[in-house]
Amino acid sequence: MRARLLILVAVCVVVVVSGAVPAAAQDNVMVWGDSLPSNLDPHDPYDVPSALIQLNVYDNLYRYQGNPPQLQPWLAESHTASRDGRTWEFKLRKGVKFHDGSELTAEDVVWSIQRILGLGKAAAGPLKAAKIENVSAVDKHTVRFVLEKPYAPFLSIIPVATIANRRVVEPHVKGNDWGNAWLASNGAGSGAYILDPASYIPTKALDLKRHAGHFMGWSHNAKPIDLIRVRPVAETTTRVLALMKGEIDAGDSYLPTDQVERLSKVKDVVIHRNESMRIFIIRMNNTRPPFDNVDFRRCMSHAFNYDAFIGVILKNFAERNPAPIPKNLWGYPEGIKGYEFNLAKARAECDKAKAKGAPVDREIQLHIQTGLDQTMQAAQLFQSDVKKIGLNMKVVPNTWPNLTASTAKPDTTPDMWIHWVSAYFIDPENWIGTMYDSGLHGTWKASSWYKNPNVDELLRSARTNPNREERAKLYQQAARLVVDDAADIWVYNTVELRGMRARVMGFKFSPVGSGSELRHMFLAN
Amino acid sequence: MLRFFLRRVLLVLPVLFGLLVLTFVLVRIVPNDPSAALAGQNATPEQIVEIRAKYGFDQPLIVQFGIYLRQVVQADLGTSIQSGRPVARDILQRLPATLELTFFALLLGAGLGVPLGVLAAVRHNTWLDHGLRFFTVGGVAIASFWFAIMLQLFFSMQLDLLPLRGRLGTAMTPPAQLTGLFVLDSLLTGRFDAFRDALRHLALPAVTLSLGAMATITRFTRSGVLETMQKEYVLYEIAAGYPRGLLIAVYVLRNSLVATITQIGLLFGALLAGAVVVESIYDWPGIGSYAVTAIFTSDYKAILAVTLLLGVVYSIVNILVDLIHGLIDPRVATEL
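Residues numbered from 1 in each chain as written. Chains lettered and ligands numbered in written order. Predicted model: local features only at pLDDT ≥ 70, side-chain atom pairs only at ≥ 80, totals over all residues. Heavy atoms only, no water.

(A) Fine view of the overall build of chain A. Regarding its fold elements, chain A presents 17 helices and 20 strands. For a compact globule of 525 residues, the expected C-alpha radius of gyration is about 24 Å, and chain A comes in at 25 Å, within 12% of that figure. Seen along its three principal axes, the alpha-carbon backbone of chain A occupies a region of about 80 × 75 × 40 Å. Evaluated residue by residue, chain A yields a buried proportion of 62% over its 525 residues. If you take every contact in chain A between residues at least 6 apart in sequence, the share linking residues at least 24 apart comes to 70%. Accessible surface, chain A as shown: approximately 19600 Å² in total, 53% of it carbon and sulfur. (Helix = DSSP H or I, 4+ residues; strand = E, 2+ residues; numbered from the N terminus. Rg over C-alpha atoms; globule rule 2.2 N^0.38 Å. Buried < 20%, exposed > 50% of the residue type's maximum accessible area, 1.4 Å probe, protein only. Contact = heavy atoms within 4.5 Å. Areas by Shrake-Rupley, 256 points an atom, 1.4 Å probe, with all protein chains shown as cover.)

Right, here's the structure in full:
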């Protein structure tokens, strides 16, 4: 009896440990380990993970390509704008087919824009800011937008709008949901890859199959990948190990710098390093004492050890940026110095603030994002330095939804919190324009509750001025004022780090989407 | 016995109601606005206000709870803010993965815990007993995330024996769904390749999850067996020269396992809840990782549903344990 039991156990062990082929080593199948968006509706979530669906399953009128990103005609062949900047017309390519074989026409574009606005989810934000008075199909291949007033970044935000197949979605509309419940786990696009709804487990698994009939064709890629299995690995350690072992072909674009050295030693792994337009900021609630005192904000700006954070913690995989505009974008105030780490200066500024009655001795709360190690590392470094000048800082772990929700009102916004601003569209409006215009208070981007009428005027002028050179000057002036007021602590421009198996070739990075456009990629033999 | 059963079921209802109230209040009193989460990143303040009104988040909390309670009674757990799908659908898709992991962890925990407990009792106060005590204390004390990473590093990275993560290799087509438990479904459909792959993927998460349970079962079994061995009838049988193995297997063990069986029942619920950490590390697509995502994204309908599900499972297991007690000892049924 005992012997039989032992044999059974031995058989089980042999079955379990006997070898298997690593998953990622299949022919022309890539396992993509980066995040999936919260759902698959291209008009619902609007964040870094949602770019995977928007760039691969759907198409847009214009698309950002390359680094620095260039706006290129995509579904549209060309566009014209009226002299007053209110009327925009887009000429569509002819013969573009959706995945179901039906033709993509101007009616689909109009319906998609109406759907984005009607659904009112995050993707609607930039379009609503443009205040579209009317969108219509002039003919089968011409779409016309009429704006209430000129909006200079309009062309820059056009890639936000992805085009969905009206005929596929409409039968699934329930009430006023615009088919959101259905499209959240299905596809209706024309993009280079077709999603397989049967494979979908929200945030866990999705298969993408190549769309051979994509309108851009595949001549740019001799051996495109036929099947992409998106299998996000949530835990950083597991993700790195999975990449080393070959269970996934690509990780995410937030590879922690302390893992770079480890991965660099793995023969079959390469690390793609690309300067991005994602900026790292420590926000200050400018309405809450002592942060309502500019001297105290300058004190805090001098108390953060930028060089140690970038050099030691991030191992120089970031570039110091002291302003609220990416360094590699037009409108950046060249030569701006910002604040340097200097505890003597910080102490002097704090003393000035204290003399004016600012309650500098109270406990300051700095909220970080749980799971994002860099925010914790920055906070701990900051905490240890401000202690040297007699300030009491408490680090509070929090989650992204809680933090963004709390920024709806000044009294619920934390004293300080840390986040990045990614490249959603390429225009200073995406950064300084939406971060420091007091008219946008109540959004997470404007969560420092900064208010300066001069800055408001400059930003609003820049928003309506069609001349890019003049706009650049306006943003530069605004940036200098905001930096002088030490509204926040601007730390760096991100160098995005993504680990990939060496067999994955053709990776092309663009700050919009962080290189998740898969049509360029192929697998080496 | 029927009255006993009905009484136990009725007692569960206020417990579940209390659980719902508590979770609802906890989820909603934190400085958190589900309408902002629903609107998503880059939403304007106007969009958030529109969504707040559209979904009734501007109503008093008690009204919102009343609406939610009515939905739950009608078996509608609502729609996930994140996935945009009915929460019940999300949970049903992921529940088999968690059940499979929990069953195997319990099987491993009980399958090894009971013999080890007997061994510790029979050889009590020897080096073996001390060694097992060290193991059981460690088993309860060791953080599962640390243990999981150690297992991954050793068995997957160092020895390259077992997969690191997931439920099946990405090259493997899942077996036709009958129960949703891959091991069982692959056997039932004759998919032995999938059976082997599912077992291989199950090994490390199940061992990680089972460690605490195994330690607890070992301790309970040890003390149960030790206590029984002090009984007069056992002493008599020893004196009468009964074969030791037969005595332990037939008389001692059978009379010592009541507390252990109760513990195993309760551990099932605890393992379901404990799967949260293990599933996250092993990337196991079950309820645990669903709960983690729900918490990080403030998906409050999903949080409530998972809590309710765990509450229901705990309650059912409690009822079953009480029933078993009632069957074994009718005095329990009369007292309650």
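From this point, the discussion proceeds with the structure in view.
(B) Representation of the overall build of chain B within the structure. Looking only at helices and strands, chain B has 15 helices and zero strands in total. Based on the C-alpha atoms only, the size of chain B along its principal axes is roughly 85 × 55 × 40 Å. Put simply, chain B has 336 residues, and 51% of those count as buried. Long-range pairs, those at least 24 residues apart, make up 72% of the contacts in chain B with a sequence separation of at least 6. Of the roughly 16000 Å² that chain B leaves accessible, carbon and sulfur atoms contribute 71%. Taking the average place of the 24 positive charges on the side chains of chain B and the average place of its 21 negative ones, the gap between the two points comes to 4 Å. (Lys, Arg positive; Asp, Glu negative; His and termini not counted. Charge placed at Lys NZ, Arg CZ, Asp CG, Glu CD.)

(C) Expanded view of the side chain of E349 of chain A. Mapping E349 of chain A onto the fold places it in helix α12 (residues 343-355). Residue classification places E349 of chain A among the buried positions, given a relative accessible area of 15%.

(D) Region of the structure containing the confidence of the model for chain B. For chain B, the average pLDDT comes to 85, and 94% of its residues sit at 70 or higher. Here the predicted complex carries an ipTM of 0.77, next to a pTM of 0.84. (pLDDT = per-residue confidence, 0-100.)

(E) A look at the sheet that holds strand β6 (residues 87-92) of chain A. All names here are of chain A. Sheet architecture is open: four strands sit in the order β5-β6-β8-β7, paired in antiparallel fashion. The open sheet has two edge strands with one neighbour each: β5 (76-81) and β7 (132-139). When strand polarity is set aside, the average angle formed by the axes of neighbouring strands in this sheet is 20°. Judged from the six bridges that link them, β7 and strand β8 (residues 142-147) form a sheet pairing that is antiparallel. (Pairing = 2+ DSSP bridges. Axes fitted to C-alpha atoms, helices over the stretch in contact; angles between N-to-C directions.)

(F) Examining the pattern of salt bridges more closely. Under the criterion given, the structure shown has 44 salt bridges over all chains. A salt bridge links R144 of chain A to E89 of chain A, with the shortest nitrogen-to-oxygen separation between them at 2.6 Å. Of this pair, R144 of chain A sits in strand β8 while E89 of chain A sits in strand β6, and the two are 55 residues apart along the sequence. What makes R144 of chain A partly exposed here is its relative accessible area of 31%. The closest approach of N and O atoms between D129 of chain B and R133 of chain B, which form a salt bridge, is 3.5 Å. Of this pair, D129 of chain B and R133 of chain B both sit in helix α6 (residues 127-141), four residues apart, which is roughly one turn of the helix. When its relative accessible area of 0% is taken as the criterion, D129 of chain B is described as buried. Each of D295, R298, E349, K352, K356 and D484 of chain A takes part in salt bridges that share partners, so that together they form one network. (Salt bridge = Lys/Arg side-chain N within 4 Å of Asp/Glu carboxyl O.)

(G) Focus on helix α7 (residues 144-158) of chain B. With 15 residues, α7 of chain B extends 20 Å between its outermost C-alpha atoms, agreeing within 8% with the 21 Å of an ideal straight helix rising 1.5 Å per residue. Taken residue by residue, α7 of chain B has F147, A148, L151, Q152 and S156 of chain B as its buried positions. On the buried face of α7 of chain B, the contacting elements are α8 (236-245) of chain A together with α9 (192-229) and α12 (258-282) of chain B. Just past α7 of chain B, the residue D160 of chain B takes up positive phi, approximately 55°. (Expected span 1.5 Å × (residues − 1).)

(H) Just α12 of chain A, in detail. Residues and elements named next belong to chain A. Over its 13 residues, α12 extends 18 Å from the first C-alpha to the last, a length consistent with the 18 Å expected when each residue adds 1.5 Å. The complete set of buried residues in α12 reads L343, A346, E349, C350 and A353. Projection of α12 onto a plane perpendicular to its axis shows the buried side chains occupying an angular sector of 120°, all on one side. For α12, exposure combined with an orientation more than 90 degrees from the buried face picks out A344 and A355. At the N-terminal end of α12, a side-chain oxygen is found 3.0 Å from the backbone nitrogen of A344, two or three residues along, and the residue is N342. G357 sits one or two residues past α12 and shows a positive phi near 95°. (Arc of directions from axis to C-beta. Polar contact = N/O pair within 3.5 Å; in protein donor to acceptor, adjacent residues only side chain to side chain.)

(I) The arrangement of the interface of chain B and chain A in detail. With 55 residues of chain B at the interface, the matching set in chain A holds 57 residues. Taken together, both faces of the contact between chain B and chain A bury some 4600 Å²; the carbon and sulfur share is 55%. At the boundary of chain B and chain A, one finds three salt bridges. One salt bridge connects D160 of chain B with K245 of chain A, and the closest N-O pair in it is separated by 2.5 Å. Taken together, chain B and chain A are joined by 10 residue pairs in polar contact (both at pLDDT 80 or more). Within the residue set of the side of chain B that touches chain A, elements represented by two or more residues are α2 (34-39), α3 (45-54), α5 (87-122), α7, α9, α12 and α13 (287-296) of chain B. Broken down by class, the residue content of the side of chain B that touches chain A amounts to 24 nonpolar, 19 polar and 12 charged. (Buried area = accessible area lost by both parts, 1.4 Å probe. Nonpolar A, V, L, I, M, F, W, Y, C, P; charged D, E, K, R; others polar.)

(J) Region of the structure containing the nonpolar core. Among the nonpolar cores identified, the biggest contains 114 residues, and F145, F154, M300, F382 and M416 of chain A are the most heavily contacted of them. By residue number, the principal contributor to this core is helix α17 (residues 468-484) of chain A, which donates seven residues. Two domains each provide a minimum of three residues to this core, namely domain 1 (2-229 + 503-523) and domain 2 (275-495) of chain A. Grouped together as the second largest cluster of nonpolar side chains are 68 residues, I91, L106, L162 and L209 of chain B included. (Core = buried A, V, L, I, M, F, W, Y, C linked by side-chain atoms within 4.5 Å. Domains from an automatic or database assignment.)

(K) Broad picture of the domain arrangement of chain A. Residues and elements named next belong to chain A. Assigned domains of chain A: these are domain 1 (2-229 + 503-523) and domain 2 (275-495). When each unit is reduced to the centre of its C-alpha atoms, the spacing between domain 1 and domain 2 is 32 Å. Facing the 18 residues of domain 1 at the interface are 16 residues of domain 2. Across the domain 1/domain 2 interface, buried area totals approximately 1400 Å², and carbon plus sulfur atoms make up 64% of it. Summed over the shared surface of domain 1 and domain 2, the result is zero salt bridges. One can count five residue pairs in polar contact (both at pLDDT 80 or more) joining domain 1 with domain 2.

(L) Quick look at the packing of aromatic side chains. Residues and elements named next belong to chain A. Scanning the model with the defined rule gives 29 aromatic pairs over all chains in all. Aromatic side chains W74 and F215 sit 6.0 Å apart centroid to centroid with 85° between the ring planes, which places their arrangement in the edge-to-face category. Remark: F215 occurs in the loop between β11 (205-210) and β12 (227-230) and W74 occurs in the loop between β4 (70-73) and β5; sequence separation between them is 141 residues. For the residue pair W74 and F215, the accessibility class agrees, reading buried in each case. Of the aromatic side chains, those joined through ring pairs into one cluster are Y254, F280, F304, Y306, F309, F382, W420 and Y492. (Phe/Tyr/Trp six-rings, centres within 6.5 Å; stacked < 30°, edge-to-face > 60°.)

(M) Structural detail: the sheet that holds strand β1 (residues 29-32) of chain A. Residues and elements named next belong to chain A. On the basis of which strands lie adjacent, the open sheet formed by four strands has the order β1-β12-β11-β10 and mixed pairing. Each edge of the sheet is formed by a strand with only one pairing partner; in this case those strands are β1 and β10 (193-201). In this sheet, neighbouring strand axes are inclined to one another by 20° on average, regardless of whether the strands run parallel or antiparallel. Bridge analysis of β10 against β11 gives five bridges, and the strand direction is antiparallel. Bridged to D196 within β11 is D207.

(N) Region of the structure containing the pairing of strand β13 (residues 269-284) of chain A. Residue and element names in this part refer to chain A. Along β13, 12 of the 16 residues are buried, which leaves the element largely enclosed by surrounding structure. In this structure, β13 lies alongside strand β18 (residues 489-501), joined through 11 bridges in antiparallel fashion. Following the sheet pairing, H272 is matched in β18 by R498. Of the pairings in the sheet, the one linking β13 to strand β17 (residues 416-421) comprises six bridges and is antiparallel in character. Considered in β17, the bridge of I279 is made with V421.

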